[in-house]
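Examining the three-dimensional arrangement
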Amino acid sequence: MNIGITCYPSLGGSGVVATELGKLLADRGHTVHFITSGLPFRLGNYQPNIFYHEVEVNQYDVFKYPPYDLTLANRMAQVAVNEQLDILHVHYAVPHALCAYLAKQMVGEWLKIVTTLHGTDITVLGYDSSLREMIRFGIEQSDLVTAVSADLIAETKELLQVEKQIELVYNFVDKRRYFPKDVTMHKQRFAPNGEKLLMHISNFRPVKRVSDVIEVFDRVSKQVPARLLLIGEGPEQAAIRQMVDERGLKQQVCFLGKQEDVAEVISLADVMLLPSEKESFGLVALEAMACGVPVVATRTGGIPEVVTDGVCGFLTDIGDVAAMAERTLQLLQDHELYEAFSRASIERSNETFCHDKIASQYEALYQRLLSRKELGR
Ligand code: GMT
């Protein structure tokens, strides 16, 4: 198949999933065309059947707002025709589903549009009255729509009142890269006296509740010697640094900034903390599980579909930092429990969220769409 993929190319779960999917599809012999505003950051090494088509936005002085959406739609249409795309798979509804719709209007019905909903495109933007109807339209006009958790499907249906069937396709983790790694050398650097390492990875937006991570760490480190590794950057970072200083935790908290390949660092962690307000899936939780790191997270959105509470991690109510700290301590202090959770995490990520299994699901959906096309539907 000739498959076009559009996503946000910078750091972020939806871009990661889209890029990794493109690579897997290329491994399976398909030709993949990324149509994006920048080179997807996880694209990695050259692969002969992966192509990149840059979307260059016109910065003409008259425009107060450069027309990214129109330029993208036009580029999608060009690539669809020139490369004879069978499928155009867009990740994140806004504006990608609408751009794909416009491209399809330009080239013809033969171009099949698949839209994957990732979370904030519904759970945040869907509440914006200036976008809501547009998002609903983009979903209804897609030939096929998928979402990354059952919870996201339910919220989309309820909030936007869409009639369209939405297929559940979970996110995945590539178990060839995410597995427990020997990090003894690095551990020595971050935990020189054998301290326990807690970790949090996010874009430091308010929805991630990074201040809860600090609250939890503060409590845990009063009971067991521990360090905290924070990975990622974002708008809350300055406030978090200040909070760390005010609590006198500076020596125990390390800000690692943006890391391109978290597969290399996750194995350093003893426990991954994810106290989000909302999380349609929680890719970071899955990546931690694949590396055998138990997760302590909030019972919100799609997280309970990823982290089985009491088996591969613990789930608590949003903002209940006391419970999160207690659960973290339980894991850190009970070796047998820890080992059981670690094994269960690896097993669950390999079975339910294996890259091969999910790539096959997408492939089957594409094939279903294309066979409908042959039947003239
Ligand atoms: O987490 C974010 O804010 C980034 C966002 C994105 O679009 O990259 O993540 C969303 O999509 C990820 C991949 O499907 C999911 O794992 C995240 O749970 C989801 N974020 C939220 O729902 C807040």
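The structure we're discussing is the one just above.
Bear in mind the structure is a predicted one, so any value in this text is a computation, not a measurement.

Reading the values: rules and limits
- Residues numbered from 1 in each chain as written.
- Predicted model: local features only at pLDDT ≥ 70, side-chain atom pairs only at ≥ 80, totals over all residues.
- Heavy atoms only, no water.
- Helix = DSSP H or I, 4+ residues; strand = E, 2+ residues; numbered from the N terminus.
- Expected span 1.5 Å × (residues − 1).
- Buried < 20%, exposed > 50% of the residue type's maximum accessible area, 1.4 Å probe, protein only.
- Arc of directions from axis to C-beta.
- Pairing = 2+ DSSP bridges.
- Right-handed = clockwise from strand over helix to strand, strands pointing away.
- Contact = heavy atoms within 4.5 Å.
- Polar contact = N/O pair within 3.5 Å; in protein donor to acceptor, adjacent residues only side chain to side chain.
- Phe/Tyr/Trp six-rings, centres within 6.5 Å; stacked < 30°, edge-to-face > 60°.
- Lys NZ or Arg CZ within 6 Å of the ring centre and 35° of its normal.
- 1 Å grid on protein atoms, 1.4 Å probe; cavity = no way out; pocket = protein on both sides within 12 Å on 5 of 7 lines; lining within 4 Å.
- Points joined across faces, edges and corners; volume = space filled by probe spheres on them.
- Nonpolar A, V, L, I, M, F, W, Y, C, P; charged D, E, K, R; others polar.

1. Considering helix α12 (residues 321-333)
Each full turn of the α-helix corresponds to 3.6 residues, which orients residues three or four apart in the same direction. When the terminal C-alpha atoms of α12 are compared, their 18 Å separation across 13 residues agrees well with the 18 Å that a helix rising 1.5 Å per residue should span. Buried within α12 are the following residues: V321, M324, A325, T328, L329, L331 and L332. Angular distribution of buried residues about the axis of α12 spans 160°; they occupy a single face of the element. Opposite the buried face of α12, by more than 90 degrees, sit the exposed residues E326 and Q333.

2. Overview of the pairing of strand β6 (residues 144-147)
Of the two faces of β6, the one lined by L144 and T146 and the one lined by V145 and A147 are each fully buried. Of the strand pairs in this sheet, strand β5 (residues 112-117) and β6 are connected by four bridges, and their pairing is parallel. When the bridges of β6 are listed, T116 appears paired with T146. In the sheet, β6 pairs with strand β7 (residues 166-168) via three bridges, with the strands oriented parallel. The partner of T146 across the bridge, within β7, is E167. In this fold, the crossover linking β6 to β7 by way of helix α6 (residues 150-160) has right-handed handedness.

3. A short note on the environment of R247
Here R247 is to be found in the loop between α9 (237-246) and β10 (253-257). Take R247: its relative accessible area is 33%, and that puts it in the partly exposed class. Here the alpha-carbon distance between R247 and E215, two residues 32 residues apart in the chain, equals 9.3 Å. Residue contacts for R247: discarding those within four places in its chain leaves E215 and D218. In this structure the side chain of R247 is engaged in a polar contact, spanning 2.8 Å, whose partner is the side chain of E215.

4. A word on the side chain of E155
Structurally, E155 is set in helix α6. Residue E155 is classed as buried on the basis of its relative accessible area, which comes to 13%. In terms of polar contacts, E155 uses its side chain to reach the side chain of Y127, at 3.2 Å. A distance of 2.9 Å separates polar atoms of two side chains, one belonging to E155 and the other to K278. Discounting chain neighbours no more than four positions away, the residues touching E155 are T123, Y127, L160 and K278.

5. Notes on the packing of aromatic side chains
Inspection of every chain in the model, using the stated rule, returns seven aromatic pairs. Taking the centre distance of 4.9 Å and the plane angle of 80° together, the rings of Y101 and F137 count as edge-to-face. One end of the pair, Y101, is in helix α3 (residues 96-107); the other, F137, is in helix α5 (residues 132-141), with 36 residues separating them in the sequence. With relative accessibility at 24%, the residue Y101 sits in the partly exposed group. Between Y170 and F281 the ring centres are 6.2 Å apart and the planes differ by 50°, which places this aromatic pair in the tilted class. Of the two residues, Y170 is situated in the loop between β7 and α7 (184-190) and F281 in the loop between β11 (271-274) and α10 (283-290); the sequence distance between them amounts to 111 residues. Here Y170 and F281 have matching classes, each one buried. We note R241 situated over the ring of F255; from NZ or CZ to the ring centre the distance is 4.1 Å. Just above the ring of F314 sits the side chain of R327; from NZ or CZ to the centre is 4.1 Å.

6. Brief notes about unusual backbone geometry
Note that the residue after V94, namely P95, is joined by a cis bond; omega there is -10°. With respect to the helices and strands, P95 occurs in the loop between β4 (87-91) and α3. For Y92, which is not a glycine, the phi torsion comes out positive at approximately 85°. With respect to the helices, strands and loops of the structure, Y92 is situated in the loop between β4 and α3. Unusually for a residue other than glycine, R209 sits at a positive phi of about 50°. Turning to its location among the elements, R209 is positioned in the loop between β8 (196-201) and α8 (210-223). Overall, the relative accessible area of 23% leaves R209 in the partly exposed class.

7. Quick notes on empty space enclosed by the protein
Empty space left among the atoms is revealed by rolling a probe the size of a water molecule over them. Evaluation of the coordinates by the stated rule reveals one cavity of 30 Å³ or more. Reported here for the largest cavity is a volume of approximately 70 Å³. In terms of lining, the largest cavity is formed by V16, V17, E20, R42, F172, V173, D174, R177, Y178, L283 and E287. Every element with two or more residues in the lining of the largest cavity is listed here: α1 (13-27) and α10. By residue number, the principal contributor to the lining of the largest cavity is α1, which donates three residues. The residue inventory of the lining of the largest cavity, partitioned by class, reads six nonpolar, no polar and five charged.

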